[in-house]
Amino acid sequence: MALLEVSDLHVEFDTYGGTVHAVRGVDFRLDEGQTLAIVGESGCGKSVTVQSFTGLIPMPPGRIVRGGATLRGHDILGGGRIDGKEVRGREIGMIFQDPMTSLNPTMTIGDQIAEPLQVHAGMKRRTAHARAVELLEMTRIPEPAKRAEQYPFEFSGGMLQRAMIAMALSCEPSVLIADEPTTALDVTIQAQILDLMVDLQRENGMAIALITHDLGVVARMADEVLVMYAGQVVERGSVDDVFYRSAHPYTLGLKAAMPTNQSEGEQDLQPIDGSPPDLFAPPEGCGYAARCPFAMEACQGQPPPVYGIRAAAADAYDHESRCWLHHEDCDIAAEGVHKGE
Amino acid sequence: MSEAAAETPLVEMRGLTRHFRIGRGEVVHAVDDVSLAIAPREIVGLVGESGSGKSTLGKTLIGLHDKTAGEVIYQGQRMPDRYRPVDFRRYARDMQMIFQDPYSSLNPRMTVGEIVGEGLRLHSDLRGAEARDTVASWLVRVGLSPDHMSRYPHEFSGGQRQRIGIARALVLEPEFVVCDEPISALDVSVQAQVVNLLGELKASLGLTMLFIAHDLSMVRYVSDRMAVMYLGSLVELGAANRVFFAPKHPYTELLIGSNPEPDPASERSRPSTAIRGEIPSPVNVPPGCRFANRCPKVMDRCRTEAPELIPVADEGHGHRQVACHLYDAAA
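Cut-offs and rules
- Residues numbered from 1 in each chain as written.
- Chains lettered and ligands numbered in written order.
- Predicted model: local features only at pLDDT ≥ 70, side-chain atom pairs only at ≥ 80, totals over all residues.
- Helix = DSSP H or I, 4+ residues; strand = E, 2+ residues; numbered from the N terminus.
- Pairing = 2+ DSSP bridges.
- Contact = placed C-beta atoms within 7 Å.
- Axes fitted to C-alpha atoms, helices over the stretch in contact; angles between N-to-C directions.
- Parallel < 35°, antiparallel > 145°, perpendicular 65-115°, else oblique.
- Left-handed = near helix turned anticlockwise from the far one by under 90°.
- Nonpolar A, V, L, I, M, F, W, Y, C, P; charged D, E, K, R; others polar.

Student: Looking at this structure, how should I read the environment of Asp224(B)?
Tutor: In this fold, Asp224(B) is placed in the loop between helix H8 (216–222) and strand E9 (225–230). Distance from Asp224(B) to Val44(B), taken between C-alpha atoms, is 5.9 Å for residues 180 residues apart in sequence.

Student: How should the sheet that holds strand E4 (residues 62–71) of chain A be read in this particular structure?
Tutor: Residue and element names in this part refer to chain A. Taken together, 4 strands build an open sheet; the order of strands is E2-E1-E4-E5 and the sheet is antiparallel. Looking at strand neighbours, the two that pair on one side only are strand E2 (18–30) and strand E5 (74–75), the edges of this open sheet. Pairing between E4 and E5: 2 bridges, direction antiparallel. Note that in E5 the partner of threonine 70 across the bridge is aspartate 75.

Student: Would you mind going over unusual backbone geometry with me for this structure?
Tutor: Comment: phi is negative for the bulk of residues other than glycine, and the bulk of peptide bonds are trans. Residue and element names in this part refer to chain B. Although it is not a glycine, arginine 24 adopts a positive phi angle of roughly 50°. Looking at where arginine 24 falls in the secondary structure, it is placed in the loop between strand E1 (11–21) and strand E2 (27–38). In the Ramachandran plot, glutamate 181 falls in the positive-phi region, its phi being about 45° despite a non-glycine side chain. Positionally, glutamate 181 belongs in the loop between strand E7 (176–180) and helix H7 (188–205).

Student: It is not clear to me how the sheet that holds E2(B) should be interpreted in this structure. Could you clarify?
Tutor: All names here are of chain B. Here 4 strands make up an open sheet; going across it, the order is E2-E1-E4-E5 and the pairing antiparallel. Two strands in the sheet have a free side with no partner beyond their single neighbour: E2 and strand E5 (77–78). Across 5 bridges, the pairing between E1 and strand E4 (residues 69–74) is antiparallel. Within the sheet, the bridge partner assigned to arginine 14 lies in E4 and is glutamate 71. Where helix H2 (residues 54–61) meets the sheet, its contacts fall on E1, E2 and E4, and the angle it forms with E2 comes to roughly 65°.

Student: Sorry, what's going on with the packing of helix H4 (residues 109–120) of chain A against helix H5 (residues 125–138) of chain A here?
Tutor: Two quantities define a packed helix pair, namely the angle between the axes and the distance from one axis to the other. Residue and element names in this part refer to chain A. In the contact formed by H4 and H5, the axes pass within 8 Å of each other and the chain directions differ by 120°. Viewed along their axes, H4 and H5 adopt a mutual orientation that is oblique. Between H4 and H5 lies a crossing whose hand is right-handed. The residues of H5 that touch H4, namely those facing Gly110, Ile113, Ala114, Leu117 and Gln118, are Arg125, Ala128, His129, Arg131, Ala132, Val133 and Leu135. Its residues assigned to classes, the contact of H4 with H5 shows 7 nonpolar, 3 polar and 2 charged.

Student: Would you take a moment to explain the interface of chain B and chain A for this structure?
Tutor: Note on interface size: it is often stated as the accessible area lost on association of the parts. Listed by partner, the interface residues are 32 residues for chain B and 35 residues for chain A. Every element with two or more residues in the side of chain B that touches chain A is listed here: H7, H8, helix H9 (240–245), helix H10 (250–257) and helix H11 (264–269) of chain B. Take the side of chain B that touches chain A: its biggest share by element is 6 residues, from H7(B). Taken together, the residues of the side of chain B that touches chain A break down into 13 nonpolar, 12 polar and 7 charged.

Student: Quick question: what am I supposed to make of the packing of helix H4 (residues 112–123) of chain B against helix H6 (residues 158–170) of chain B here?
Tutor: All names here are of chain B. Taken N-terminus to C-terminus, the directions of H4 and H6 make an angle of 30°; their axes are 7 Å apart at the nearest point. By the criterion of interaxial angle, the relationship of H4 to H6 is roughly parallel. For the pair H4 and H6, contact is made by Val112, Ile115, Val116 and Gly119 and by Ile164, Ala167 and Arg168, respectively. Partitioned by chemical class, the residues of the contact of H4 with H6 number 5 nonpolar, 1 polar and 1 charged.

Pasting the structure below:
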């Protein structure tokens, strides 16, 4: 049984401008000790996907139209309503992009970490506070007892993110959701935070769902990768499949737009021209067709199905791509697109 | 020295310093004694962590902050220590700035046409239809459309807003532009669009730029030379690719090593390179080398004696400047 399983998730938002179809059918599963990276541009629905089953989507205007989520087989998304609090605090811990605005500026760091322990674990204030200091120590904050008495403004960005991790881990969750945890940090501090997440995962075996747009971070952290575009998963597979045998043109586009640390000399960055489609009225066909260098007639009119990519050797993760190029009758030679062994 | 630096510089900073008094007799040493010359049509990338003073340096350079000490020479002329409104009017045609945050740096109550056209209205003789045509042609040049003139900033995505900011800065065709983290708020695919746009504009307009960023791998694509800043001073300066691929200062080495590569196999085999600790407060600047408390190669003299930025031979690539006792003659 999967630790966390999300199936056919559809999320919409009602706005004055109409209905935004933010997530249009996302499935994934997450097992113990595994790190799943969800990659994509702003607005592709990666944050909404995880917020929907943690109860962080305001409803209304948000609406879970269809789909389910189970944690150890228990439904946590019954009838479009989240059975929130219990799951959120105890089983799923979350850290966010901007630690400065995600913490309460009027509470000491120690009290904020102790709060979930009092609410979810029923600890007394004093025990909870002692535990908070231990947690700060675990996330390698120097002088944890003194730091616990301080307020968020007295912490640097990197230290705040450590405090956020301490808070997320306070109830020993089985799943840690990290929504762009290092995007706001310097690369030096990012390296420290990523190392810390890896160490903590090794110690307590939690699963990590990591949302990011940085392929470098994905390469460092992930076992499995979901590439999202316009509210759908366009490619999924093991980190090696997605990087070395990319099967969707969007994944190739993202890779070409990233600077590498590799070879010296001149190579140009290749941006993906245009911008993502309007999710008020998602395109009928493939969401990426308007920007895709390999777009065919079929792509405009009909949504591509998900194709399994045959691997040379058995892999722990299936490799799939939502693209017409993998249709058996398609004979277009798309440069760089991996079509299976 | 690179060829570019051998020319007469367009902009030169000599001992540029900017301190902020924060009360109780405490002083923030944001920029301390920075000297850097930028040749015509050269792009210098300025990198460093948050708090290293790179944005303050950019703003002091073009007069948005007063100088505490030192001077800026522009085309052989000494710029005022403290800009008065008349100075801004005089130099706005020559020097412009592109700001970091495309959300807060555009006035939400002005249309795109007004935002981009404001410089023309204040600093040029162009009026009416002529001014409108210039604005329209700039919008096209940065990849927007003339139809966008009557729209407001909130109707645009982050990448499009950054293009508006670029059009606003370049509409007066300045000689020198300070780009303060112009891409760090954008998505990867859009970052590449903006980087390539700046490259094209540099080629077609002969722009000279100081490109401030914390993402070293992007800076390498844009810059001719790269300057690395730590806690208010420069620690390394040299040809961009050389600094990136063969860093000499221990800080540069760690900064580049911290950048994860989009390649799972090499990331798996790479040991952790996280630097210990964080950048110290610029209020109590340590004596000696400012990087000493985090440096893996620290020596005794580093804690007492501040290293100077000195030329160091760059194997087969001329010279580079490094401020580190490892490269002193005495070491």
